[in-house]
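These are the residues of each chain, in order.
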Amino acid sequence: MLEVFLRTLPFFLLIGTGWAAGRTCFFPPEATAWLTRFVFHFALSAMLFRFAATLDVAGLFDPAFVLAYLTGSSAVWILAFTVARRRREPSAAAAMQAHTAMTGNTGFLGVPMLVALLGPRAVGPVLMVLAIDMLVFSSLITLIVTAARQGRLAPATLLPLARGIAGNPMIVSMLAGLAWSGARLPMPGPLDAFLALLGAAATPGALFAIGAGLAGRGAERLGPAVWLGFAKLVLHPLAVGIAALWVFDVGRDAAGVMIAAAALPVAGNVYMLAQYFGVAVQRVSAAILVSTAAAILTLPVVIALAGHP
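All residue numbers refer to position in the chain's written sequence, counted from 1. The predicted nature of this model means local features are confined to residues of pLDDT at least 70 and side-chain atom pairs, given and counted, to a pLDDT of 80 or more, with totals for whole chains, interfaces and linings taken over all residues. The side-chain values count all of the structure's non-hydrogen atoms but skip hydrogen atoms and water molecules.

## Some details on the pattern of salt bridges
For step 1, the next point in the chain: Here, a salt bridge means any side-chain nitrogen of Lys or Arg that lies within 4 Å of a carboxyl oxygen of Asp or Glu. All told, the structure shown has three salt bridges when counted by the stated rule.
For step 2, the next point in the chain: Close ionic contact of Arg50 with Asp192 constitutes a salt bridge, the shortest N to O distance being 2.9 Å. Here Arg50, found in helix H2 (residues 29-53), pairs with Asp192, found in helix H10 (residues 189-199); they are 142 residues apart in sequence, far enough to count as distant. By the criteria applied, helices consist of DSSP H or I runs no shorter than four residues and strands consist of E runs no shorter than two, each listed in order from the N terminus.

## Side note on the packing of aromatic side chains
For step 1, the next point in the chain: Between 30 and 60 degrees the pair is tilted, below 30 it is stacked and above 60 it is edge-to-face, where a pair is any two Phe, Tyr or Trp rings, Trp via its six-membered ring, whose centres lie within 6.5 Å. Throughout the structure, instances matching the rule amount to four aromatic pairs.
For step 2, the next point in the chain: Relative to Trp180, the ring of Phe49 lies with its centre 5.8 Å away and its plane at 80°, an arrangement referred to as edge-to-face. Of the two residues, Phe49 sits in helix H2 while Trp180 sits in helix H9 (residues 169-182), which places them 131 residues apart along the sequence.
For step 3, the next point in the chain: Relative accessibility thresholds used throughout: buried, under 20% of the residue-type maximum; exposed, over 50%; partly exposed, between the two (1.4 Å probe, protein chains only). Judged by relative accessible area, which is 14%, Phe49 ranks as buried.
For step 4, the next point in the chain: Residue classification places Trp180 among the partly exposed positions, given a relative accessible area of 21%.
For step 5, the next point in the chain: Plain terms: the ring middles of Trp77 and Phe81 are 5.3 Å apart, the flat faces sit at 15° to each other, and that makes the pair stacked. Of the two residues, Trp77 and Phe81 both sit in helix H4 (residues 63-86), four residues apart, roughly one turn of that helix.
For step 6, the next point in the chain: Residue Trp77 is classed as buried on the basis of its relative accessible area of 10%.
For step 7, the next point in the chain: Relative accessible area serves as the criterion here: at 21%, Phe81 is assigned to the partly exposed category.

## Focus on the side chain of Thr32
For step 1, the next point in the chain: By the secondary structure assignment, Thr32 is in helix H2.
For step 2, the next point in the chain: Contacts between residues were defined by any pair of non-hydrogen atoms, one from each residue, lying within 4.5 Å. Other than its neighbours up to four places away in sequence, Thr32 contacts Phe27, Ala209, Ala212 and Gly213.

## A word on the environment of Phe26
For step 1, the next point in the chain: Note on placement: Phe26 falls in the loop between helix H1 (2-23) and H2.
For step 2, the next point in the chain: The spatial distance from the C-alpha of Phe26 to the C-alpha of Gly16 is 14 Å, given a sequence separation of ten residues.

## Looking at the side chain of His99
For step 1, the next point in the chain: Mapped onto the secondary structure, His99 falls in helix H5 (residues 91-102).
For step 2, the next point in the chain: Ignoring sequence-local partners within four residues, the contact set of His99 consists of Trp77, Phe137, Ser138, Ile141, Val270 and Leu273.

## Considering the nonpolar core
For step 1, the next point in the chain: Working definition of a nonpolar core: buried Ala, Val, Leu, Ile, Met, Phe, Trp, Tyr and Cys residues. They are joined through side-chain atoms within 4.5 Å. One finds Met96 and Met258 to be the most contacted residues of the largest nonpolar core, which totals 97 residues.
For step 2, the next point in the chain: Apart from residues lying up to four places away in sequence, Met258 is in contact with Phe65, Ala68, Tyr69, Val129, Val240, Ala244 and Val250.

## Brief notes about the packing of H1 against helix H11 (residues 202-214)
For step 1, the next point in the chain: Axes here refer to lines fitted to C-alpha atoms; in helices the fit is confined to the stretch in contact. Angles between the N-to-C directions go from 0 to 180 degrees. Contact geometry for H1 and H11: axes closest at 6 Å, N-to-C directions at 50°. It follows that H1 is oblique to H11 by the angle criterion. Read as a crossing pair, H1 and H11 show a hand that is right-handed. Counting all contacts with H1, which are made through Phe11, Leu14, Ile15, Thr17, Gly18, Trp19 and Ala21, the residues of H11 involved are Thr203, Pro204, Leu207, Phe208, Ile210, Gly211, Ala212 and Leu214.
For step 2, the next point in the chain: Grouping the amino acids of the contact of H1 with H11 by side-chain chemistry returns eleven nonpolar, four polar and no charged. Just so you know how the angles are binned, under 35 degrees is roughly parallel, over 145 roughly antiparallel, 65 to 115 roughly perpendicular, and the rest oblique. When the near helix sits turned anticlockwise from the far one by under a right angle, the crossing is termed left-handed; a clockwise turn instead gives a right-handed crossing. Gly falls in the polar group here, along with every residue not listed as nonpolar (Ala, Val, Leu, Ile, Met, Phe, Trp, Tyr, Cys, Pro) or charged (Asp, Glu, Lys, Arg).

This is how it looks when you write it as structure tokens:
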């Protein structure tokens, strides 16, 4: 476990470096926003395309894997939603907190960290988790909040949602890479070198941007934030692990990657959703801060318990 902690520590030190730069205003919010855009639209997209282009498309989709992740994540979503409703939270706020409790930072933290730590075998499972989070649960929270506000779900809501999914660079790059792989196209040397060079910027850039973004977050409403962080860092990997290993019999390696991905801290895009809808903004912000700080200790434990070296 100590070895795993030491291997994850450099990733969190990069986050800490970004936090220090943002906290001292050496790296202002405007710089963080532009760095995030560069990583999101260019570096991470290049990394995802290159990863996806090397996968075996026929063997990528595993129904047991998908059902296990959906089942475990849905259980945590329902639990968090129920807890929020029992505290007399409105439906939209309860749904946003439920989304917070099971949406990990798979894109900016999970893809670069888990692939670097666990090797090429982690690529397929991590991309599957990322796709499910974006296509299923991000769509779900958008539909629920919209319906709660309007009192109904209008067909006009579905078009902007579809446009948002189709315009997401991570989804586009993954689908393009899978299409490249499915067509069995060769990867020219210069193109591969270009993608590798650009994609290499994703890991330091994303981690630095995470830290710099955290510098502006406060820790108001600490009690709910601690609960949401506990749900994300402990209950989510536990629920996913039970579903993967005891219910759906997912392969040990893929299950381990899924569990590690479920142990990631709350994703920053949850805050963007909360801010966009004006729902539970402070709680989501605090939960991101608390879960990211706590993940320094909890993530290595989960990775070690999941059986990864």
